[in-house]
Amino acid sequence: KNHIIFLISILFGVSVHAQAQQVPHSSIRPDGHEPFPYVEPSRVGIDKDKLESIREELLKWVRNGDLVGGEMLILKGENTILHETYGWLNKEENKPVEANSIWYIRSLSKPITATAVMILVEDGKLSVDDKISQYFTEFAGNPETTIADLLAHRAGYTLRDDDSDQYMYAGVEDYARNGASHKPSGSYGEYGYDNIGYTILAGIV
């Protein structure tokens, strides 16, 4: 009986190892001529074991089916300390993730848009107190709505207001004008996470 249990344990261990081996995983190390050359984590005060725990966590997500594929890049200062890919770009076609793949980042575009707005604020090209109607005469929201309101999701829009397909439009400005023409279904001043507000901000930028 003990021998059978021991054999099952070995087979289970082999099975788990084989499953782990099936997950595509590659490490990319840019050379010294790249803009962000690779350095050993210890050289910049980063614990290599902590990076290993992050790597194992991502591999676990792929093995468990919580993540199809991903790419992780960690910089410290002007140096790369980790750049790796995990899983599949297209699982059905068995294509692994490649370095520098193009990703559909969805709402991660919001902090990028907000950063662009604040750069323009710092440059004196706009103010967070500017009314949206200054930029879009067709704006259908509360006339007091400002750039700050859109940044903070308090213009009255909700996710259900955004029923448009961005691929139908000629460009960002066209898409933003369509968003601005939507009347918000919520109340001005109340928080409501939305996409239209940031579409309008992108159009302003």
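Please read all numbers here as calculations on a predicted model, not as lab measurements. (Residues numbered from 1 in each chain as written. Predicted model: local features only at pLDDT ≥ 70, side-chain atom pairs only at ≥ 80, totals over all residues. Heavy atoms only, no water.)

1. Quick look at the nonpolar core
Here is step 1: Residues Ile132, Phe136, Ile147 and Ile200 are the most contacted members of the largest nonpolar core, which totals 19 residues.
Here is step 2: Every element with two or more residues in this core is listed here: helix 3 (109-122), helix 4 (147-151), helix 5 (172-180) and helix 6 (196-204).
Here is step 3: The element that contributes the greatest number of residues to this core is helix 6, accounting for five residues.
Here is step 4: Among all residues touching Phe136, those that are not within four sequence positions of it are Ala176, Arg177, Ala180, Ile200, Gly203 and Ile204.
Here is step 5: Among the nonpolar cores identified, the runner-up in size contains eleven residues, and Val23, Val39, Leu51 and Ile81 belong to it. (Core = buried A, V, L, I, M, F, W, Y, C linked by side-chain atoms within 4.5 Å. Buried < 20%, exposed > 50% of the residue type's maximum accessible area, 1.4 Å probe, protein only. Helix = DSSP H or I, 4+ residues; strand = E, 2+ residues; numbered from the N terminus. Contact = heavy atoms within 4.5 Å.)

2. A closer look at the pairing of strand 3 (residues 79-90)
Here is step 1: Counted residue by residue, strand 3 has nine buried out of twelve residues, so it is predominantly covered.
Here is step 2: Note that strand 1 (residues 25-27) and strand 3 share three bridges and pair antiparallel. Directly across from His25, in strand 3, lies its bridge partner Tyr86.
Here is step 3: In this structure, strand 2 (residues 69-76) lies alongside strand 3, joined through eight bridges in antiparallel fashion. Within the sheet, the bridge partner assigned to Lys76 lies in strand 3 and is Asn79. (Pairing = 2+ DSSP bridges.)

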